[in-house]
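Secondary and tertiary structure notes
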Amino acid sequence: MPKPTKELKSTPFTEVIELERIVTPDEEKRVDHIFVRRKKICTRHPEAFATEEIARFDVAWPEEPKKELKDSTKVKKEVEISLN
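Figured I'd write up the structure that's included with this text. (Residues numbered from 1 in each chain as written. Predicted model: local features only at pLDDT ≥ 70, side-chain atom pairs only at ≥ 80, totals over all residues. Heavy atoms only, no water.)

Describing the sheet that holds strand 1 (residues 14-26)
Remark on secondary structure: sheet strands pair via backbone hydrogen bonds, oriented parallel or antiparallel. On the basis of which strands lie adjacent, the open sheet formed by 3 strands has the order 1-2-3 and antiparallel pairing. Looking at strand neighbours, the two that pair on one side only are strand 1 and strand 3 (50-60), the edges of this open sheet. For this sheet, the mean angle separating the axes of adjacent strands, direction not counted, is 15 degrees. Here strand 2 (residues 31-42) pairs with strand 3 via 11 bridges, running antiparallel. Each residue of the ladder has a partner; that of Phe35, found in strand 3, is Arg56. (Pairing = 2+ DSSP bridges. Helix = DSSP H or I, 4+ residues; strand = E, 2+ residues; numbered from the N terminus. Axes fitted to C-alpha atoms, helices over the stretch in contact; angles between N-to-C directions.)

Shown next as C-alpha cells:
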C-alpha cells in the first residue's frame with residue numbers, strides 16, 4: 001500500500017512559492033523520485049521573513065492490472081471401474 005504524499009500549500013499564515021521541481025522516473029523500483037525547492041514566506045510576521053526549503057520524496061507508480069489466467073489445462077476424463 002503506497003503512502004499518500006501531501007504537497008505543502010499556501011495558507012492564510014504562509015505563502016508557498018515553488019522555485020524548482022525535478023521528477024526522475026526509476027523503472028527498476030517503479031517510482032518517480034521528486035526533488036522540490038520552495039520558498040515559504042510568513043505573511044503574519046511584521047517583517048514577513050522568508051525561508052527556503054528542499055523536499056525529496058518518492059511517488060509510486062499505479063499498479064498494472066493483472067491478467068487472469070484461464071484454466072485451459074483441465075482435461076475431464078471418465079474412467080469406468082468394474083468391481084468383480
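Focus on unusual backbone geometry
In this structure, Arg30 is a non-glycine residue whose phi angle is positive, near 60 degrees. Classification of Arg30 as partly exposed rests on a relative accessible area of 32%. (Buried < 20%, exposed > 50% of the residue type's maximum accessible area, 1.4 Å probe, protein only.)

A short note on the pattern of salt bridges
Throughout the structure, instances matching the rule amount to 7 salt bridges. Between Arg21 and Glu7 there is a salt bridge, and its shortest N-O distance comes to 3.1 Å. Here the residue Arg21 occupies a position in strand 1, and Glu7 occupies one in the segment before strand 1, the gap between them amounting to 14 residues. On the accessibility criterion, Glu7 (32% relative accessible area) is partly exposed. (Salt bridge = Lys/Arg side-chain N within 4 Å of Asp/Glu carboxyl O.)

Here we look at the side chain of Asp26
Tracing the backbone shows Asp26 in strand 1. Lacking a salt bridge, the buried Asp26 has Lys29 as its closest oppositely charged neighbour, with an N-O distance of 4.6 Å. Among the polar contacts listed, one links the side chain of Asp26 to the side chain of His33, at a separation of 3.2 Å. For Asp26, the contacting residues outside a window of four places in its chain are Val31, His33 and Trp61. (Lys, Arg positive; Asp, Glu negative; His and termini not counted. Polar contact = N/O pair within 3.5 Å; in protein donor to acceptor, adjacent residues only side chain to side chain. Contact = heavy atoms within 4.5 Å.)

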